[in-house]
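The residues making up each chain are set out below.
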Amino acid sequence: MSKGKKVKVVIEGIILLFIVYCVVLKMLPVSTGRLSTYEEINDAVATAASRYKNTVTLKTTGEPYMDYQSVLDKLMEKNMYAGGEFYAFSYVYTPDSGGEKVAVRINHMSRLKSFLVFIRSGQISGKIKGLSDYEKVKAVHDYIILHNEYNRSSGGACNTLYRGDSACNGYALAFYIIMKKAGVPVTCEYGYGLESEHLWNRVQVDGHWYNIDLTWDDLGGQNVGYDYFLKSDADWQGHDHGGSDAEVSMDVTGKTAAEYYRMFPNYNAIMIWSIIGVIAAGFALYIWLLDRKMKRKKLEKARLEAQEEAQRMEELHKRMQVVTGAFTDEATVPANENVVTDYQTAPYTTPYTTQMAENVDETTMKHEQPQTADPSESASQNKSSGAHSGFRLKQDD
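Residues numbered from 1 in each chain as written. Predicted model: local features only at pLDDT ≥ 70, side-chain atom pairs only at ≥ 80, totals over all residues. Heavy atoms only, no water.

Draft legend 1. How the structure looks around the overall build of the protein chain. Along the protein chain, the regular secondary structure elements total twelve helices and nine strands. The buried share of the protein chain, taken over its 397 residues, is 31%. For the protein chain, the accessible area works out to roughly 26100 Å², and carbon and sulfur atoms hold 57% of it. (Helix = DSSP H or I, 4+ residues; strand = E, 2+ residues; numbered from the N terminus. Buried < 20%, exposed > 50% of the residue type's maximum accessible area, 1.4 Å probe, protein only. Areas by Shrake-Rupley, 256 points an atom, 1.4 Å probe, with all protein chains shown as cover.)

Draft legend 2. Region of the structure containing the nonpolar core. Residues Leu58, Val137 and Phe175 are the most contacted members of the largest nonpolar core, which totals 67 residues. In terms of residue count, helix H7 (residues 168–182) provides more of this core than any other element does, eleven residues in total. Here Val137 is in contact with Phe175, Met179, Val184, Val203, Val205, Ile212, Phe229 and Leu230, once residues within four sequence places are set aside. (Core = buried A, V, L, I, M, F, W, Y, C linked by side-chain atoms within 4.5 Å. Contact = heavy atoms within 4.5 Å.)

Draft legend 3. Broad picture of the UniProt feature "transmembrane region" (unreviewed entry) in the protein chain. Per the UniProt entry, the sites bearing "transmembrane region" (unreviewed entry) are residues 9–28 and 270–289 in this numbering. Summarising residues 270–289: 100% helix, 0% strand, and an end-to-end C-alpha distance of 28 Å. (UniProt positions renumbered as here; feature names shortened; annotations may be inferred.)

Draft legend 4. Inspection of empty space enclosed by the protein at higher detail. Within this structure, the stated rule accounts for one cavity of 30 Å³ or more. The space that makes up the largest cavity amounts to roughly 30 Å³. Taken together, Tyr143, Ile144, His147, Asn148, Thr160 and Leu161 form the lining of the largest cavity. Looking at the lining of the largest cavity, the elements with two or more residues in it are helix H5 (133–146) and helix H6 (157–163). A breakdown of the residues in the lining of the largest cavity according to their chemical character gives three nonpolar, three polar and no charged. (1 Å grid on protein atoms, 1.4 Å probe; cavity = no way out; pocket = protein on both sides within 12 Å on 5 of 7 lines; lining within 4 Å. Points joined across faces, edges and corners; volume = space filled by probe spheres on them. Nonpolar A, V, L, I, M, F, W, Y, C, P; charged D, E, K, R; others polar.)

Draft legend 5. Fine view of the layout of surface pockets. Here the largest pocket defines a volume of roughly 730 Å³. Lining of the largest pocket is provided by 28 residues; of these, Tyr87, Asn169, Tyr190, Glu197 and His198 occupy positions nearest its centre.

Draft legend 6. Spotlight on the packing of aromatic side chains. Inspection of every chain in the model, using the stated rule, returns 14 aromatic pairs. Each ring, one from Tyr190 and one from Tyr192, has its centre 6.5 Å from the other, and the planes form 50°; the classification is tilted. Residues Trp216 and Tyr228 carry aromatic rings whose centres are separated by 5.2 Å and whose planes lie at 80° to one another, so their mutual orientation is edge-to-face. With Trp216 in helix H8 (residues 214–217) and Tyr228 in the loop between H8 and strand E9 (239–240), the pair connects residues that are twelve residues apart, well separated along the chain. Relative accessible area serves as the criterion here: at 21%, Trp216 is assigned to the partly exposed category. (Phe/Tyr/Trp six-rings, centres within 6.5 Å; stacked < 30°, edge-to-face > 60°.)

Draft legend 7. Here's a closer look at the UniProt feature "coiled-coil region" (unreviewed entry) in the protein chain. Under the feature "coiled-coil region" (unreviewed entry), the UniProt entry names residues 290–323. Within the segment residues 290–323, helix and strand shares are 100% and 0% respectively, and the terminal C-alpha atoms sit 49 Å apart.

Draft legend 8. Spotlight on the packing of helix H4 (residues 111–127) against H7. Interhelical geometry of H4 versus H7 gives an angle of 55° and a closest axis separation of 9 Å. In terms of orientation, H4 and H7 fall into the oblique class. Classified by chirality, the crossing of H7 by H4 is right-handed. Residues Val117, Phe118, Ser121, Gly122, Ile124 and Ser125 of H4 form the contact with H7, whose participating residues are Ile177, Ile178, Lys181 and Ala182. Broken down by class, the residue content of the contact of H4 with H7 amounts to six nonpolar, three polar and one charged. (Axes fitted to C-alpha atoms, helices over the stretch in contact; angles between N-to-C directions. Parallel < 35°, antiparallel > 145°, perpendicular 65-115°, else oblique. Left-handed = near helix turned anticlockwise from the far one by under 90°.)

Draft legend 9. Spotlight on a nonpolar patch on the surface. A contiguous nonpolar patch, built from Val7, Ile11, Ile15, Phe18, Ile19, Val23 and Met27 and spanning about 680 Å² of accessible area, is present on the exposed surface. Mapped onto the elements of the fold, Val23 is located in helix H1 (residues 3–27). Accessibility expressed as a relative area gives 42% for Val23, which makes it partly exposed. (Patch = residues over 30% accessible without salt bridge, like charges linked within 9 Å, V, L, I, M, F, W, Y side chains within 5 Å. Salt bridge = Lys/Arg side-chain N within 4 Å of Asp/Glu carboxyl O.)

Draft legend 10. Just the sheet that holds strand E7 (residues 196–205), in detail. The four strands lie next to each other as E8-E7-E6-E9, forming an open sheet whose pairing is antiparallel. Two strands close off the open sheet at either side, each with one partner strand: strand E8 (208–212) and E9. Relative to E8, E7 runs antiparallel, the two being bridged by five bridges. Its bridge partner lying in E8, Val203 is registered against Tyr210. Seen against the sheet, helix H3 (residues 68–78) touches strand E6 (186–193) and E7 and runs at an angle of roughly 170° to E6. (Pairing = 2+ DSSP bridges.)

Structure follows, in structure tokens:
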């Protein structure tokens, strides 16, 4: 097997294993039997979300109680990027024999979106590498606000980082993921803001925890506020934070939002041009491989034609040798000393001429025998013979 075929087989095997893994993981039940505690129920929902299930059916011994913050925390414990994939769930329950049957619908990103978030968060965290924790927090705070518009009907970190529109969960989850990659301790906090469900963050800078709400600091357009930037619990008006340990607030210092904005390139444009470049490179590679394939076909065709021509010439040569050998065998005369080889002196001795010679000899012998003893008759016969032969005797003058 050639090297190219081996690579192809390996890649196909990896893809097949990934597909099988995803299918099997989705088919596996997240729980068996009936769930009796809130901890078990929330853990089952978190497990289903981490497996990218869209829905999950649970059986409980009583009416369920599901805590979004508990599910979110469990997802973050399972995977530091899970918080960017799970942003909401809803459930309905119906009475069942022995308890309740709960159908949970989970809103989360797909594996593709999760991968995109992983890439974009890595790009942003790489850009702030080497900065202090405070500078990292402010740079990402300003970046997300300047690249996102509040949209209550949207959600998730992928929409925040790529489309640029999201509700509060998009702001909070995107900030959480980037801070995690940047090495800054961070959490997502679920509660109520102005008596409605809300999501924000807590972050640790220089050993102290602070509250931070990117959604409420987004004043629209290119306007960035800092009323909810690194605040203590005492300065955290309007939020039901549920017992945070932020003791002091931090003043805003350092670069402006415009300066941080110029720090980051347009990642969407880079992504688009990268995709175009990959497509162009792939097309160029396809044309090159196609050209090589056509050249190989031409060379193979020429080689086959040359082989056929050589074979044809070889067969023709063999036939010529056979014909030439036949002529040579017929023309070969055995060596004999009595055979006359000079055709100019050799007599014409065919069977027919031999018989003619014998007849002539017999006739001659007959004419040479005397018919009569009379000399006069002999002379007369000779005379008549000479006249008959057409010869005229020269007479003496």
